[in-house]
Amino acid sequence: SPTFENLFTMSSGVTVADGVSADFDAFKKNTSTSTYMIFKIDGSHVVEESRSEDKNFETFLAELPADDCRYAVYSMDYTTDDGRPTNKIVFFTWVPDTAKVKSKMIYASTVAAVVAAFGSLPIKIHATDMSEITLDIAQAACKKGFT
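From a predicted model like this one, the values you see are computed outputs, not experimental measurements. (Residues numbered from 1 in each chain as written. Predicted model: local features only at pLDDT ≥ 70, side-chain atom pairs only at ≥ 80, totals over all residues. Heavy atoms only, no water.)

Colleague: Where do I start with the overall build of the protein in this structure?
Modeller: Per the secondary structure count, the protein includes four helices and six strands. Sequence-ordered secondary structure for the protein, helices as α and strands as β, is β-α-β-β-α-β-β-α-β-α. Out of the 147 residues in the protein, the part that is buried amounts to 44%. Looking at the protein alone, contacts between residues at least 24 apart form 58% of all its contacts between residues at least 6 apart. Carbon and sulfur atoms provide 55% of the accessible area of the protein, an area that totals close to 7,500 Å². Here the protein holds 14 positive side-chain charges and 20 negative ones, and the gap between their average locations is 5 Å. (Helix = DSSP H or I, 4+ residues; strand = E, 2+ residues; numbered from the N terminus. Buried < 20%, exposed > 50% of the residue type's maximum accessible area, 1.4 Å probe, protein only. Contact = heavy atoms within 4.5 Å. Areas by Shrake-Rupley, 256 points an atom, 1.4 Å probe, with all protein chains shown as cover. Lys, Arg positive; Asp, Glu negative; His and termini not counted. Charge placed at Lys NZ, Arg CZ, Asp CG, Glu CD.)

Laid out in structure tokens, this is it:
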């Protein structure tokens with residue numbers, strides 16, 4: 001029987017797996033101790049691949065494969081222009097130039113379903129190589145507000 005999460009299906013036929021939205025909600029509400037979560041498409045479902053409490057951004061980047069696509073959310077700590085420490089969730093779409101064309105197409109046609117399943121994600125970064133996914137870029141996007 002269809003679940004709420006499975007209603008988010010795009011033309012790729014890929015759905016967000018049962019439980020992924022609930023895990024993200026816990027992450028978003030800070031009831032999870034994770035700093036980031038990485039998701040991949042496995043068959044016809046978006047599933048969680050990994051999560052970590054490590055706050056080192058370089059550790060997060062090292063988990064992104066050089067030759068395949070991923071989605072990720074990162075709980076970004078940063079300082080506002082007026083000096084206040086704060087936090088926002090950043091949604092990353094990782095589509096490296098070296099990924100296979102089929103993988104790029106499936107991830108591109110599924111991203112709307114992931115965003116819909118996760119709800120409000122005002123900070124989004126699409127990256128095709130590591131120069132587009134630096135800590136400075138992510139923190140600047142948080143300060144800007146919406147991407």
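Colleague: Would you mind showing me how to read the sheet that holds strand 3 (residues 45-52) here?
Modeller: The strands making up a sheet associate through backbone hydrogen bonding, with each pair oriented either parallel or antiparallel. Taken together, six strands build an open sheet; the order of strands is 1-3-2-4-5-6 and the sheet is mixed. This sheet does not close on itself; its edge strands, each paired only once, are strand 1 (15-16) and strand 6 (123-127). With five bridges connecting them, strand 5 (residues 85-94) and strand 6 associate as parallel partners. Bridge pairing in strand 6 links Val90 to Ile123. Across the sheet, helix 3 (residues 101-118) touches strand 1, strand 2 (36-42), strand 3, strand 4 (70-79), strand 5 and strand 6, and the angle it forms with strand 4 is around 55°. Its contacts with the sheet place helix 4 (residues 135-144) against strand 4, strand 5 and strand 6, and it is angled at close to 70° to strand 4. (Pairing = 2+ DSSP bridges. Axes fitted to C-alpha atoms, helices over the stretch in contact; angles between N-to-C directions.)

Colleague: Before we go on, may I ask you to explain the layout of surface pockets in this structure?
Modeller: In this approach a probe as big as a water molecule rolls over the atoms, and the regions it shows empty are the leftover space. As a volume, the largest pocket reaches approximately 160 Å³. Together, Ile41, Asp67, Asp68, Arg70, Ala99, Lys100, Lys102, Ser103, Ile106 and Tyr107 line the largest pocket. Looking at the lining of the largest pocket, the element that brings in the most residues is helix 3, giving four residues. For the lining of the largest pocket, the residue count by class is four nonpolar, one polar and five charged. (1 Å grid on protein atoms, 1.4 Å probe; cavity = no way out; pocket = protein on both sides within 12 Å on 5 of 7 lines; lining within 4 Å. Points joined across faces, edges and corners; volume = space filled by probe spheres on them. Nonpolar A, V, L, I, M, F, W, Y, C, P; charged D, E, K, R; others polar.)

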